[in-house]
Each structure stands twice: as C-alpha cells, then as structure tokens.
Amino acid sequence: MIDHEHQLRAAGLRVTRPRTAVLEAVSTRPHADSATIVALVGELAPTVSRQAVFDCLNACTAAGLLRRIEPAGMTARYELRVGDNHHHLVCRSCGTVVDIECALGAAPCLAPADDHGFVIDEAEVTHWGMCPACSARTEAMPGTEPAKGMS
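Below is a summary of the structure that appears in this document. (Residues numbered from 1 in each chain as written. Predicted model: local features only at pLDDT ≥ 70, side-chain atom pairs only at ≥ 80, totals over all residues. Heavy atoms only, no water.)

Section: the state of the cysteines
No. 1: In this structure the tally under the stated criterion is zero disulfides.
No. 2: Here Cys 94 stays unpaired: no disulfide links it, and the sulfur of Cys 134, its closest cysteine neighbor, is 3.7 Å away.
No. 3: Summary of cysteine pairing: Cys 134 is not part of a disulfide, and the nearest cysteine sulfur, belonging to Cys 131, is at 3.6 Å.
No. 4: On the basis of relative accessibility, which here comes to 2%, the residue Cys 134 falls in the buried class. (Disulfide = S-S within 2.5 Å. Buried < 20%, exposed > 50% of the residue type's maximum accessible area, 1.4 Å probe, protein only.)

As for the environment of Leu 40
No. 1: Here Leu 40 is to be found in helix 3 (residues 34–44).
No. 2: Distance in space between the C-alpha atoms of Leu 40 and Val 22 is 8.2 Å, their sequence separation being 18 residues.
No. 3: When near neighbours in sequence (up to four residues on either side) are disregarded, Leu 40 contacts Ala 25, Thr 28 and Arg 29. (Helix = DSSP H or I, 4+ residues; strand = E, 2+ residues; numbered from the N terminus. Contact = heavy atoms within 4.5 Å.)

Topic: the sheet that holds strand 2 (residues 67–69)
No. 1: Taken in spatial order, the three strands make up an open sheet running 1-3-2, and their pairing is antiparallel. Only two strands of the sheet have a single partner each, and these edge strands are strand 1 (32–33) and strand 2.
No. 2: Where strand 2 meets strand 3 (residues 77–79), three bridges bridge the pair, whose relative direction is antiparallel. What sits directly across from Arg 67, in strand 3, is Glu 79. (Pairing = 2+ DSSP bridges.)

Examining the nonpolar core
No. 1: With 23 residues, the main nonpolar core has Val 22, Val 26, Ile 37, Val 41, Val 53, Leu 57 and Leu 66 as its most contacted residues.
No. 2: What Val 41 contacts, discounting residues up to four positions off in sequence, is Ala 21, Val 22, Ala 25, Pro 46, Val 48 and Val 53. (Core = buried A, V, L, I, M, F, W, Y, C linked by side-chain atoms within 4.5 Å.)

Regarding the sheet that holds strand 4 (residues 86–91)
No. 1: Pairing is mixed across the open sheet formed by three strands, whose spatial order is 5-4-6. Only two strands of the sheet have a single partner each, and these edge strands are strand 5 (97–101) and strand 6 (126–129). The mean angle between the axes of side-by-side strands here comes to 30°, regardless of whether they run parallel or antiparallel.
No. 2: For strand 4 and strand 6, the ladder comprises four bridges, and the chain directions are parallel. Paired with His 88 across the bridge in strand 6 is Thr 126. (Axes fitted to C-alpha atoms, helices over the stretch in contact; angles between N-to-C directions.)

Okay, structure coming up:
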C-alpha cells in the first residue's frame, strides 16, 4: 500500500483528508478523469467537496505527485506514475488508457530533427488503437471491418 501521507510531506504539502482521498482514488483507478475521481473521493470521504477535489488534483499535479495526461479529444486523466519515461496507449472505441514502456530508454526518448533552440526535457507519446475487447466486438459484428489507417 502506498503511504500517501509520506508522499504529501515529502512534496512539501500539508497532509489533509481531501489530499489523501484524492491520492487514494487515483491509486485505485489509474488514468481516471476528474469526474470519476470526484465520485471515488465521495465514497472515501463524503464531506470533501467537488471543488476541493479539483484543488487537490491541481496541487498534487503541481507538486509532482500526480501526472495529468490529456489524450486528444478526451478529458484530462490522472495517474500516480510520475518521474519515469512511459507513454500511453488509448483505445479509439472505449477510451481505455494503459501505460506502455518507452522502447528507447531515457527521457526524452524522441528527439526532433530541429529543436529550434529549445532545451527539451520531455516527449509525450500517445499510441492509438483498439483494445482487445473492442477489437473483438468489431470483428464479431456482421458487415463491419476494424478501422484501418486512422491517424
């Protein structure tokens, strides 16, 4: 079990029930959106307001305890996995998000042909496709073919 109180203290944040509830919610549902986190926190700590959850998400993200990802066309998602070099795979059909390791190693794992003078410290990669369950449903539907060539 993750010691969220220790994480908060180490990040220089006060330990509060809303913050520990938000971290617990994200630990139980990696890649959850804010609405899902609000609902989970409501189960863990019913007196925590919606606004307090948003404030905690912002504070924990700013402190480096949470990572906020925003796949194109989707609401922001949150995860506890920070400080490493991993990317995400997103299902085009159901929106499932999973972690995938970077095939090339240390961050940033991609280098542009021309950096235009920027000092690059991160590359964000999102792979898109169909999860096994959605792919199987698509193949099972008569008269349909799986999506091909989507970019």
